[in-house]
Amino acid sequence: MSEKQQEARHVAIIMDGNGRWAKRKHLPRVMGHRKGVEAVRALVRSLKDTPVECLTLYAFSSENWKRPEDEVDDLMNLMRKFIKSDLPEFIANDVKLHILGDWRSLAPDIVAMLEDALAQTAKGSRTLAVALNYGAQAEIAAAARLAAKQGEVTEESIAANLYTADLPPLDLLIRTSGEVRLSNFLLWQAAYAEMVFTEILWPDFTPAHLMDALDQFSGRERRFGGR
Ligand code: FPP
């Protein structure tokens, strides 16, 4: 395969703009998040038609706790509902769930649901990785501490202790809603990732938008610092 026809194996998305989507429609913010879950569902269903082996989604950052309590509750309830309703589909479609972040400190019932979902999807061939209570700087600091305990601190030993250690290298990072920043997401993993920033608000993001981003990716020349 020539470099120009490269395919993205690992795509990550910062799903932004749920609140603005709801505001534009004079709806409560929670409706934006609900519609955002529908966009997630459609995207996961479309993965089988793409070369993407792993899709990583930024669902809840370690900074999102600063949001009003009722919005945090809404997001946690949506997570509960999503896992419950979509787990059978993940299993049927060979989707393996992976979680990044300090998810074990979430509510005990969510932790139990996630543990069950991880166990039931362990054999899947395509990965849906969900970042929950995730922050990249904390991830890197924790990985460096573990690497130091194990021996020499090197790029490889840090990478081996990140939440993404078993995932393919990150190829493409997408952020919706027109914001152009990384917001403490996958800072280490994004070192050589291609980036696509789109004005589309997350609830309006469809599999066709993913295909478009994948097309942009395959047209880019990646040099990894070489020439
Ligand atoms: C950003 O929109 C979005 C979030 C903080 C949460 C993303 C969560 C979902 C799409 C739903 C849950 C996900 C799963 C996998 C079930 P925003 O509220 O910051 O939007 P704004 O910037 O327009 O206010």
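Read on for a plain summary of the structure.

Rules used throughout
Residue indices begin from 1 for each chain and proceed along its sequence in written order. Note on the predicted model: pLDDT of at least 70 is required for a residue's local features to be given, and 80 or more for side-chain atom pairs to be given and counted; whole-chain, interface and lining totals, by contrast, use all residues. Only heavy atoms go into the side-chain values, all of them from the structure, while hydrogens and water stay out. The helix and strand labels rest on DSSP assignments: H or I over at least four residues marks a helix, E over at least two residues marks a strand, and numbering proceeds from the N terminus. Proximity is defined per residue: if any heavy atom of the residue lies within 4 Å of a molecule or strand, that residue is considered near it. A 3.5 Å cut-off defines polar contacts: any pair of N or O atoms within that distance qualifies, except that in protein one atom must be a possible hydrogen donor and the other a possible acceptor, and neighbouring residues in sequence count only when both atoms are side-chain atoms. Using a 1.4 Å probe, the Shrake-Rupley method yields the accessible areas, and only the shown protein chains count as cover for residues. For each structure, a 1 Å grid was placed over the protein atoms alone; sets of points admitting a 1.4 Å probe that cannot get out are labelled cavities, open sets with protein on both sides within 12 Å along at least five of seven lines are labelled pockets, and lining residues have an atom within 4 Å of a point. Whether a molecule sits in a cavity or pocket is decided by its atoms, more than half of which must lie within 2 Å of the grid points. The classification used treats Ala, Val, Leu, Ile, Met, Phe, Trp, Tyr, Cys and Pro as nonpolar, Asp, Glu, Lys and Arg as charged, and all other residues, Gly among them, as polar. Grid points are joined across faces, edges and corners, and a volume is the space filled by probe spheres set on the points.

Phi is positive for His26, close to 55°, though the residue is something other than glycine. Despite not being glycine, Asp94 has its phi angle at roughly 65°, a positive value. If you trace the backbone, Asp94 turns up in the loop between helix H3 (69-92) and strand S3 (95-100).

Looking now at the site of the ligand. Lining the immediate environment of the ligand, one finds 16 residues, of which Met15, Gly19, Arg20, Arg29 and Arg67 sit closest. Take Gly19: an N or O atom from its main chain is 3.0 Å from an oxygen atom of the ligand. For the ligand, an oxygen atom lies 2.7 Å from a polar atom in the backbone of Arg20. Notes on the ligand: free accessible area 620 Å², of which the protein chains cover 92%. Judged by its atoms lying within 2 Å of the grid points, the ligand is housed in the largest pocket. At the level of elements, helix H1 (18-24), helix H2 (29-46) and H3 are the ones that each hand at least two residues to the shell around the ligand. For the shell around the ligand, the leading source of residues is H2, giving four residues. Classifying every residue of the shell around the ligand gives six nonpolar, six polar and four charged.

On to empty space enclosed by the protein. Applying the stated criterion across every chain, the model contains one cavity of 30 Å³ or more. Empty space within the largest cavity amounts to approximately 30 Å³. Elements supplying a minimum of two residues to the lining of the largest cavity: strand S2 (54-61) and H3. Partitioned by chemical class, the residues of the lining of the largest cavity number six nonpolar, no polar and no charged.

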